[in-house]
Amino acid sequence: MKRIGIIAVLLALISLASVSQETNRTYFLYPSPPESMTNFYQRCNFMTDRFWDNCNLKSAFSSRVKMKGAFEDYISIAAHATVDTVMMSFDKLIKEVSKTPKNLLTLGEIAEECLYSDSAQFKSEQMYLPFAQAVADCRKLSSADRARFARQAKILSNSQVGMIAPDIEFTRRDGSKGHLNDVAGRIILFFNDPDCDECNMLMVRLSADYNLKQLHERGYLTLVSIYPGEADEEWKNRVMDYPENWVVGASANVDELFDLESTPVIVYLTPDHKILSKDIDHERLLEMIRILNSKTKAGS
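As a starting point, this report considers the structure included with it.

Conventions used here
- Residues numbered from 1 in each chain as written.
- Predicted model: local features only at pLDDT ≥ 70, side-chain atom pairs only at ≥ 80, totals over all residues.
- Heavy atoms only, no water.
- Pairing = 2+ DSSP bridges.
- Helix = DSSP H or I, 4+ residues; strand = E, 2+ residues; numbered from the N terminus.
- Axes fitted to C-alpha atoms, helices over the stretch in contact; angles between N-to-C directions.
- Salt bridge = Lys/Arg side-chain N within 4 Å of Asp/Glu carboxyl O.
- Buried < 20%, exposed > 50% of the residue type's maximum accessible area, 1.4 Å probe, protein only.
- Lys, Arg positive; Asp, Glu negative; His and termini not counted.
- Contact = heavy atoms within 4.5 Å.
- Expected span 1.5 Å × (residues − 1).
- Arc of directions from axis to C-beta.

## Observations regarding the sheet that holds strand S4 (residues 221-227)
Taken together, seven strands build an open sheet; the order of strands is S2-S1-S5-S4-S3-S6-S7 and the sheet is mixed. This sheet does not close on itself; its edge strands, each paired only once, are strand S2 (177-179) and strand S7 (275-278). The average undirected angle you get between the axes of adjacent strands in this sheet is 30°. Relative to S7, strand S6 (residues 265-269) runs antiparallel, the two being bridged by three bridges. Counterpart to Leu 269 in the pairing with S7 is Ile 275.

## Quick look at the pattern of salt bridges
Scanning the entire structure with this criterion turns up 15 salt bridges. For Lys 123, the salt bridge is made with Asp 118, and the minimal N-O distance between the two is 3.7 Å. The class of Lys 123 is partly exposed, set by a relative accessible area of 28%. Exposure remark for Asp 118: the relative accessible area of 56% places this residue in the exposed category. Among the ionic pairs, Glu 287 bridges to Arg 290, the shortest N-O distance being 2.5 Å.

## Digging into the side chain of Arg 146
With respect to the helices and strands, the residue Arg 146 is situated in helix H7 (residues 143-158). Here Arg 146 sits buried without a salt bridge, and the closest side chain of opposite charge, Asp 137, lies 6.7 Å off (N-O distance). Dropping the residues within four chain positions of it, Arg 146 is found in contact with Val 135, Ala 136, Cys 138, Arg 139 and Leu 141.

## Notes on helix H4 (residues 83-97)
Between the first and last C-alpha of H4 there are 21 Å, a value that for 15 residues agrees with the 21 Å anticipated at 1.5 Å per step. Listed in full, the buried residues belonging to H4 are Thr 85, Val 86, Ser 89, Phe 90, Leu 93, Ile 94 and Val 97. Projected onto a plane normal to the axis of H4, the buried residues spread over an arc of 155° and lie on a single side. Of the exposed residues in H4, those oriented more than 90 degrees away from the buried face are Asp 84, Met 88 and Lys 95.

Here you go:
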């Protein structure tokens, strides 16, 4: 999730409260933490828990633009609150808005823009999932309105950090079938498309990485490269130069298991295939590989 700095948020807490109270420039009156509450995170929890108390959620959606602005302010604060506080606040907001299904659909769309889209300022699958699930479960909305959210909720529910990764059936370069569950040890899942320039740049860097090669040789780490498409002859020709010790496959339905709106996507799995990290930054990935190699060499 993209997050703004703590100092910036602290200043935002002060300015949001003062602007709301003194000039009424916000859509509705935002909560103001008591002056005696000086701890930054306590203030974030206070505002997250009470953010919508002064908002008439039945009429507020008459202005989608203003409601989106308020939601962005809400998320900018919630991003620094405790998980329990955030989830309880989300549940309370969703329960109230669900009384008017069309407003729930709008809330889902706003949450998608703010938390899930490529342009989201605070991208977070974990924070977006409750909103997608709420729209998907609302039987008072049409199947067409719920379809996109239902698909997103299904994918996100199957691939959250801390969960066991779903098995992926894939076709190897030689045409044989493989399964992710058959790959032992720690795994770097590298979802990529040979037509994606960024994917190819990362492929070159990973294939040339000394630390990754050493981890492969010691059987500590396996890189599994998956193309979200058909294993046709064109794909087989494009991946011929991928390192021999990589597990390379194509899976046309893998986008039903993982969010692959854009590639490359990196997912790190523990030996029991638990998802430890997702959407890892390329530089951070290479640094993580270096640290892993250093630690495993020291322990051998």
